[in-house]
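Residue strings, one per chain:
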Amino acid sequence: MNKHIAVLAGDGIGPEITASAVQVLEAVAKTYGHTFTFEPLPMGGCAIDACGEPLPAHTVERCLASDSVLLGAVGGPKWDALPGDKRPEKGLLGIRKAMGLYSNIRPAKLWPALAEASPLKKQLIEGGIEIVVVRELTGGIYFGKRGAYDDERMGRTAWDTETYSQKEIERITRIACELARKRTGRVISVDKANVLESSRLWRKTVHAYAERHYPDVTVTDMLVDNAAMQIVKDPAQFDILLTSNMFGDILSDEAAQVTGSIGMLASSSLGDTSCGLYEPIHGSAPDIAGKDIANPIATILAAAMMLRDSFGMTAECTAVERAVGDVLNEGWRTADIFSDGTRKIGCREMARRIAEHIA
Ligand code: NAD
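Because the structure is a prediction, the values reported are computed rather than measured. (Residues numbered from 1 in each chain as written. Predicted model: local features only at pLDDT ≥ 70, side-chain atom pairs only at ≥ 80, totals over all residues. Heavy atoms only, no water.)

1. Some thoughts on the domain arrangement of the chain
Condition: Per the annotation, domain bounds derive from an automatic or database assignment of domains. Residues count as neighbours in contact if any of their non-hydrogen atoms are within 4.5 Å of one another. As used here, buried area is the combined drop in accessible area, with a 1.4 Å probe, of two parts when they are placed together. Any carboxyl oxygen of Asp or Glu that lies within 4 Å of a side-chain nitrogen of Lys or Arg is treated as forming a salt bridge with it.
As assigned here, the chain comprises domain 1 (1-101 + 271-359) and domain 2 (119-258). For domain 1 versus domain 2, the distance between C-alpha centres works out to 25 Å. Contact residues are listed per partner, giving 6 residues for domain 1 and 8 residues for domain 2. Here domain 1 packs against domain 2, burying approximately 630 Å² in sum over the two surfaces, 62% of which is carbon and sulfur. It is Arg96, Lys97 and Ile281 in domain 1 that bury the most area against domain 2; as a group they hold 57% of the surface buried on that side. For the interface between domain 1 and domain 2, the tally reads 1 salt bridge. One salt bridge in this structure joins Asp272 and Arg174, with 3.7 Å as the shortest N-O distance.

Structure below.
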């Protein structure tokens, strides 16, 4: 197969980790007889520096024309003082919107070789952890109306709004239920229906839609505060967590941490077409940028998700995941997952070893 992949390396460790994923994808192409072409495009802080804006129109145009998009991460202290709509993160929200990506899937898996990296007690993780957070991505409070004003009595005051429509809730429920059918058939929907009106609509809509279209899928509800607690108390109970934009943002980082390092976890963002956006869940890690110590595995696993979910290359995806498992089982570790008795290597070396295992 021929596939054209847009690569948005971004800022901080972005260029290092996307180069690693490209190296692994090249190994896949060679081994399985595919042709992948890669088109680097600016987004985030590097785009602000080069073109004066975080998401140039040309980048959007080329991403829409590609078969899929691989993203590193954006942002960093250099651009922190810029106003909200000029910041690198604006590019990220913009590209998701432009590509119509309303679902964000974040699998948090505990790799057996990394059990020691989990901060949880051994008995809590014995049963394994594999939580898939299905997060709504283009609605809710991150996109709602907001403002700030000076109140005579209270001083400077700011507000944001959480808005959800039935349509937005239904389409993300569909994604979660489809995924549930391929897994355990269970979805836990997270909300704050005891307080928020938008959560009450969320809960009602999720159940009505799932009962009508997916009677074989079991949907239960959990309040977000309880979900945050249960993830550290009994993570094995979870399979698919269906969440709004903000709740998913927070819970997926928590789920990531209980599985070990944030440097291990990938995510995919999809809409109604097969052209998706694949990225690690972590940020641009400016504190370790350019030192060749970043963990490239999250981005490599994001590339594996791309192979399966955008290109239908299931065997190739499994080959990448297996190669990651093999390299970890051999004891190779980047600094963030290093422990006594294992062998520390850098970002480039980790990518090289994973690519080698595929070949
Ligand atoms: P971060 O995820 O970049 O870093 C948090 C911690 O995890 C840091 O100590 C970092 O060194 C470490 N870390 C992250 N990825 C790692 C990896 N692959 N290997 C080893 N260690 C890793 O979060 P932050 O420090 O809060 O944010 C830094 C910048 O990234 C900010 O500008 C923020 O806005 C941006 N950000 C971008 C995205 C994105 O592009 N999707 C997501 C989150 C944060």
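On we go from here.
2. Details of the environment of Glu162
What counts is decided by this rule: Helix and strand assignments follow DSSP, with helices taken as H or I runs no shorter than four residues and strands as E runs no shorter than two, numbered in order from the N terminus. Exposure categories follow from relative accessible area, calculated using a 1.4 Å probe and restricted to protein chains: below 20% of the type maximum is buried, above 50% is exposed, and the middle band is partly exposed. Nitrogen and oxygen atoms within 3.5 Å of one another constitute a polar contact, given that in protein one can donate a hydrogen and the other can accept it, and given that sequence-neighbouring residues count only through two side-chain atoms.
Take Glu162: it is sitting in the loop between strand 7 (155-160) and helix 6 (166-182). Taking the relative accessible area as the measure of exposure, Glu162 reaches 25% and is therefore partly exposed. Each C-alpha atom of the pair Glu162 and Gly271 lies 21 Å from the other, and the pair is 109 residues apart in sequence. With residues near it in sequence (within four places) discarded, Glu162 still touches Gly140, Ile141, Ser198 and Ser244. A polar contact of 2.9 Å, which involves the side chain of Glu162, links it to the backbone nitrogen of Ile141.

3. Details of the sheet that holds strand 3 (residues 68-73)
In sheet architecture, strand pairing relies on hydrogen bonds along the backbone and comes in two forms, parallel and antiparallel. To be explicit about the condition: Should DSSP find at least two bridges between two strands, the strands are taken to pair. Simply put, an axis is a line fit to the C-alpha atoms, just over the touching stretch for a helix, and the angle between two N-to-C directions goes from 0 to 180 degrees.
Pairing within the open sheet is mixed, and its 10 strands lie in the order 2-1-3-12-11-4-5-10-8-9. Two strands bound the open sheet, and with one partner strand each, they are strand 2 (35-40) and strand 9 (218-223). Neighbouring strand axes in the sheet, compared pairwise and without regard to direction, differ in orientation by 25 degrees on average. For strand 5 (residues 130-136) and strand 10 (residues 240-243), the ladder comprises 4 bridges, and the chain directions are parallel.

4. Some points on unusual backbone geometry
One non-glycine residue, Ala285, lies in positive phi territory at about 40 degrees. Following the sequence through the fold, Ala285 ends up in the loop between strand 12 (277-280) and helix 10 (297-309). Relative accessible area serves as the criterion here: at 22%, Ala285 is assigned to the partly exposed category. One non-glycine residue, Asp292, lies in the positive phi region at around 55 degrees. Mapped onto the fold, Asp292 is located in the loop between strand 12 and helix 10.

5. Re the site of the ligand
Definition in use: Near is defined per residue: the residue qualifies when any heavy atom it owns lies within 4 Å of the molecule or strand. Accessible areas in this description were obtained via Shrake-Rupley with a 1.4 Å probe; residue shielding takes into account the shown protein chains only. Gly is placed with the polar residues, together with every amino acid not listed as nonpolar (Ala, Val, Leu, Ile, Met, Phe, Trp, Tyr, Cys and Pro) or charged (Asp, Glu, Lys and Arg).
If you check the shell around the ligand, you find 20 residues, and the closest are Val74, Glu89, Gly283, Ala285 and Asn295. With respect to the ligand, the backbone of Gly283 contributes an N or O atom lying 2.7 Å from an oxygen atom. In the model, an oxygen atom of the ligand is placed 2.8 Å from a nitrogen or oxygen of the Ala285 main chain. Look at the ligand: alone it shows 810 Å² of surface, and the protein chains cover 67% of it. Considering only residue class, the shell around the ligand consists of 9 nonpolar, 7 polar and 4 charged.

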